[in-house]
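# Descriptive analysis of the structure
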Amino acid sequence: MDSIFIFLSNLVLFLSLATLVFAVGASVAMMLKRRQPQRRKREAVPPPDAAQLLRRYVPPEPD
Amino acid sequence: MVSRLASIVFLAAVTLAAALGAHHFAVVEVHSEAPIEGTVAGVIAVVMFLFLLILAARYLLLLGLAAYSQSQPAPQPWSIADDGDAPFVSIIVPAFNEAPMIRSVLESLLAIDYPRCEVIVVDDGSSDQTFLRALPYQQRRSEIGIRVLVKANGGKFDALNHGIAQARGEIIVCIDGDSIVERDALRYLVAYFDDPNVGAVAGNVRVVNRAAIWSGLQALEYVVGLGLAKRAQSAAGAVSIVPGPLGAFRKTALADVNAYDGDTFAEDFDLTMKLLAMGWHVVYEPRAVVLTEAPEHTLDLLRQRYRWTRGSLQVLAKRKAGFFSLRRSPMECLGLWYLGFEGLCLPVLHVGAQLVFIIGGLALGLHDLLLYWWLQLLFLDCATALYCICVEDESPRLALLAPFFRVFYLIVLDVARLFAAFDELARVGMSWDKLARLGRLSPAT
């Protein structure tokens, strides 16, 4: 009976710890995923003083 | 008969929990032979008892009020004989990128058994086929007229306000763009508005996709956590949140409070608090059922609860003067204190207690206290779950998930809530972060 009790109490301790670790890990993963789209949006917008590297082809005027 | 049996089961469980508690104090006596472990064990035992006391008091208070609410005669639903006097109802459906669901939602609304109503779909600038899929319903000839409006994207609150401004009904029913309303829901909702003090009626939200473990646990949470609380609050006419998936409002009450505001991410909570602050009664009708999809994946669930937590905290901060307005607006005051306790205090206590016991177990070998703690929580939660399942006439299979409810599910949610609370305190920016629809819903046949 004692050994069963010891086993159960150790199992409960392990499960409690595992639940807390899982909860913290999942919450951190969720927070990181939330912040990623905002970082991508900021990276997609070019800085205002960026040089215009592409020039549109303008054909010569006909004679 | 079933409720009485459930009550007996619950009381037996509370008694057993108390007996276990007394026994574990005896265990502490054994540990107290060693001075350090004994002192720490004593502290842990006191913390444990306080938490159990708070939890048991909370359950007993909610169950007592819910039982009282249930004992009061509920208004009779509108019947065929009364059809001539049925108030006109406008159903507002705010929709943003709801293409997978919009047809199912509209089919369910067309099947509603109520003589005088209209449906107003407000497409809030969707980038998918929501508008194109809804438009044919406008041309369809049916007893229930459907109008499909489209506007630039302005948020859910803006879409709702836009629909309310166009509504002809004296009663406005607001649903979500993915809600399947049961056929008789309107008859049950409308009956409460005979009482001129009633400003809003909250519907009963049920999770339809229960096969996955997360959504199954949410189905249980909606019954035990949300449904029980609404029943209890309804006893005082002070339901604190009329849920987005199904809520009925008196149009004059909405005009009284300028309908929805857009300065929080919990516009349903905010609106309900405004109604309570103006003295309107807000009640709950468990027979007015709406089916909804719950997130099935871990991150989707945590994203939803992150938004709910931050939205609730925003409302609590916005309406902080209401915490001390017991005389001026008692219902708002009670609602704010209740949700402040549930949304912030209880998660802190719960996670804190769990940490204390884990540290006690790892550092000092006090595993047995942790086992007693689990057993006591288990009995309390299982008994409450059984009672709520009986009263709500829900599937008994939900009871199988009760053992995992607090010791696993609520811990995960409470940790996410604490993260959300930190973000809210730090004023981290946030977006609506809409979840993808799973398409598990279909109109009831």
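Residues numbered from 1 in each chain as written. Chains lettered and ligands numbered in written order. Predicted model: local features only at pLDDT ≥ 70, side-chain atom pairs only at ≥ 80, totals over all residues.

## Quick notes on helix α7 (residues 213-234) of chain B
All names here are of chain B. Over its 22 residues, α7 runs 30 Å from end to end, which matches the ideal 32 Å to within 8%, given 1.5 Å per residue. The axis of α7 is deflected most strongly, by about 35°, at E221. For α7, a buried count of 18 out of 22 residues is recorded, marking the element as mostly surrounded by other parts of the structure. (Helix = DSSP H or I, 4+ residues; strand = E, 2+ residues; numbered from the N terminus. Expected span 1.5 Å × (residues − 1). Bend = angle between axes of the 7 residues up to and from the residue. Buried ≥ 20, exposed ≤ 12 C-beta atoms within 10 Å, placed from the backbone.)

## Observations concerning the environment of D263 of chain B
All names here are of chain B. Take D263: it is sitting in the loop between α8 (251-256) and α9 (267-277). Classification of D263 by C-beta neighbours within 10 Å gives exposed; the count is 10. A C-alpha to C-alpha distance of 8.4 Å links D263 and Q314, two positions 51 residues apart in sequence.

## A look at the packing of helix α12 (residues 367-392) of chain B against helix α13 (residues 402-425) of chain B
All names here are of chain B. With their axes 8 Å apart at the nearest point, α12 and α13 run at an angle of 130° to one another. Considering their axes alone, α12 and α13 lie oblique with respect to each other. Relative to α13, the crossing made by α12 is right-handed. Across the interface between the two elements, W374, L377, L378, D381, C382 and A385 of α12 pack against A402, P403, F405, R406 and V407 of α13. Among the residues forming the contact of α12 with α13, the class breakdown is 9 nonpolar, no polar and 2 charged. (Axes fitted to C-alpha atoms, helices over the stretch in contact; angles between N-to-C directions. Parallel < 35°, antiparallel > 145°, perpendicular 65-115°, else oblique. Left-handed = near helix turned anticlockwise from the far one by under 90°. Contact = placed C-beta atoms within 7 Å. Nonpolar A, V, L, I, M, F, W, Y, C, P; charged D, E, K, R; others polar.)

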